[in-house]
Every structure is written in C-alpha cells, then in structure tokens.
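Examination of the molecular architecture
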Amino acid sequence: MADANILNKAFTAICNKVEQILAPQGFTKQEVASDNSDEKVALFISENMAYSIYYTDVKNHMIMRSCGMTEDGPDNEWKNISTWFFDPDSNTMADAESIGKDFTELLTATSQIKKVQQAKKKKKRNKDEGNADPEFLAKRFVTLFPELKDEIKTEADAYFPFRGVTFTKKSIVPKIQTYIKGANKKELDKLGSLLSRQYGNGDFDTRSIITIVILNSLSHEDYNKLYEYFDEDLQKYSKGARKYKGKTVKPEKPKKKKSFMADTLNK
C-alpha cells in the first residue's frame, strides 16, 4: 500500500511551489475535494484560466494541466502540460522537489506566460470586436505564401507580444504587392475574401493592420483592382482608411495601452 504520509507531503510541497508562481499572476487556490480516494487534486484559478495539479495512484502520475475559464468555472477541457511518475513507496521528497521545480519552470516559460496574457486579452475585448489577433492574421496568409510559416514561428519565438505591424510590413506586404500584380480574378477573389473574413473576425489591432498597413501600402491601381472582391464592411472601412494614406495622424483618445496604430501612422 502506498505511503500516504509521503504522498501528502510531496503533493503539498509541489502545490506550494506552484502557488508561489501563480499567486503574483492573479491566481487563487481553491478548495477542492476529489471524488476518488486514489486521487489528489489542487486547483488554481484566475478570471481567464485554470491550472490543476492532479495525482492518480492508478498510474502513479503527478500531472500539471490547464484549461480555460467560463462564468461557471473551469471549462474542464484540460490539457496536460507536464506528467511525472511518482510512487510514494519508492520515491522521496527529493523527487517531489524535482517535480515542483519542473512545474514552476514551465509556468515561468515565455510560452506559458503568453497563454495567460492571451486569455486575459480575450476577456477584455470589446463585445463588437472579433477574437483573431495579429498573429492569427499572419498565419492565415500561409495559405497564399507557405514560406511565411517559418518566419511566423521565428517572430513568435523571439518577441512577445507578436509584433503585428512590424511583421506585416516586412514579411507580408511585399508578398501581397507582388501577388496582386500577377493575380488573375480567381486569385484576387481568394485574397479579397481572406482579408474580408479576417477583418470581420479580427480584434481592433488586426482590423487596423488590414486597412492601415496592408491596404494603404497598395497603389491606387492595385487597391482598385482588389476592391471589388471585398465584402461590404471592408469596402466601407478601407475607403475611410485610404484618406490617411501617406499622412501623419494621432488617435483622438489614446488608450492606456498605446495603440500600434499611432506608432504606424507616425512613422
């Protein structure tokens, strides 16, 4: 029979280490009871995400996992982040320390912090905005320009948040300009539909990248060639954005977080 004392001490030590990392990020530990005596569970929640430390003696697995939050609590679509074998009959507190260290290192990794920030951003979006951010927009262009896949990964690994304006100017705009000049009607329709769909699904930054960065980079001839393939919304708002082409403007009411649109138009 498993040594319950060692297991309890190990589980508590691991959870304490995790709590020390998550608490400053706005997570609180919840009291939860397992339905199964062979399991131990700890839950940490914020407004946007949940983390759980879960132990089952069926396989002697110590697992750290995460999921999204709903108004009613965790959505229970758990994804395992790390799994360790821990047998209380043979493992020691030194092994528990190693597991705790691994969990905390993963929680402080850039990729995991990025997930927390993205979840928080989605919660704060205006109800009239879509969910697609600039990185998502960039990935949609891989269907037209497959070579972008590696460039997007390099950018995402090197910078957080994803530099939507910089990446679009450097890597996407030149490709679109070349694409339009040699495109037939079917290819123009494909690009126009992609831009319209992403404008409709996009958050504020994504919409501004499409109108101010991409479409305002086009000559009048190329813009007019593509215009007929936009949906009604993009036709309307791209027309309004064209009056800022080549001009220096400032947003009327700057937000607390400086909008990239101001940076773009002031360059």
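Above this text sits the structure in question.
**A look at the overall build of the chain**
- On a plain count of helices and strands, the chain comes out with 11 helices and 6 strands.
- Out of the 267 residues in the chain, the part that is buried amounts to 43%.
- Taking the intrachain contacts of the chain between residues at least 6 apart in sequence as the baseline, contacts between residues at least 24 apart amount to 56%.
- Surface exposure of the chain reaches about 15,500 Å², of which carbon and sulfur atoms provide 49%.

**Regarding helix H9 (residues 220–227)**
- Turning to H9, its buried residues are Asp222, Tyr223 and Leu226. All buried residues of H9 fall inside an arc of 100° around its axis, so they share one side. Exposed and oriented more than 90 degrees from the buried face of H9 are His220, Glu221 and Asn224.
- The inward-facing, buried residues of H9 contact helix H6 (164–181), helix H7 (185–201) and helix H10 (232–242).

**As for the nonpolar core**
- Phe141, Ile176, Leu191, Leu195, Ile214, Leu215 and Leu226 are the most contacted members of the largest nonpolar core, which totals 33 residues.
- Elements with a contribution of two residues or more to this core: helix H4 (134–140), helix H5 (148–158), H6, H7, helix H8 (204–214) and H9.
- Among the elements that line this core, the one with the most residues is H6, at 7 residues.
- Residue contacts for Leu215: discarding those within four places in its chain leaves Leu195, Ile210, Tyr223, Leu226, Phe230, Leu234, Ser238 and Arg242.

**Concerning the environment of Tyr227**
- Mapped onto the fold, Tyr227 is located in helix H9.
- Separated by 12 residues in sequence, Tyr227 and Leu215 place their C-alpha atoms 9.6 Å apart.
- Other than its neighbours up to four places away in sequence, Tyr227 contacts Gln235, Ser238 and Lys239.

**Focus: the pattern of salt bridges**
- Under the counting rule described, the total for this entry stands at 6 salt bridges.
- The salt bridge involving Lys175 is made with Glu151; its shortest N-O contact spans 3.7 Å. Remark: Glu151 occurs in helix H5 and Lys175 occurs in helix H6; sequence separation between them is 24 residues.
- Classification of Glu151 by relative accessible area gives partly exposed; the value is 29%.
- A salt bridge links Arg163 to Glu155; the shortest N-O distance between them is 2.7 Å.
- A relative accessible area of 28% places Arg163 in the partly exposed class.

**Side note on the packing of aromatic side chains**
- This structure, assessed with the given rule, holds 7 aromatic pairs.
- Geometrically, the ring pair formed by Phe145 and Tyr179 is edge-to-face, given 5.8 Å between the ring centres and 90° between the ring planes. Residue Phe145 is found in the loop between H4 and H5, and its partner Tyr179 is found in helix H6; the two are separated by 34 residues along the sequence. Of the two residues, Phe145 and Tyr179, both sit in the buried class.
- With a centroid separation of 6.1 Å and an interplanar angle of 70°, the aromatic rings of Tyr227 and Phe230 are classed as edge-to-face.
- When the ring centre of Tyr223 is taken as reference, the NZ or CZ atom of Arg242 above it lies at 4.2 Å.

Calculation rules
- Residues numbered from 1 in each chain as written.
- Predicted model: local features only at pLDDT ≥ 70, side-chain atom pairs only at ≥ 80, totals over all residues.
- Heavy atoms only, no water.
- Helix = DSSP H or I, 4+ residues; strand = E, 2+ residues; numbered from the N terminus.
- Buried < 20%, exposed > 50% of the residue type's maximum accessible area, 1.4 Å probe, protein only.
- Contact = heavy atoms within 4.5 Å.
- Areas by Shrake-Rupley, 256 points an atom, 1.4 Å probe, with all protein chains shown as cover.
- Arc of directions from axis to C-beta.
- Core = buried A, V, L, I, M, F, W, Y, C linked by side-chain atoms within 4.5 Å.
- Salt bridge = Lys/Arg side-chain N within 4 Å of Asp/Glu carboxyl O.
- Phe/Tyr/Trp six-rings, centres within 6.5 Å; stacked < 30°, edge-to-face > 60°.
- Lys NZ or Arg CZ within 6 Å of the ring centre and 35° of its normal.

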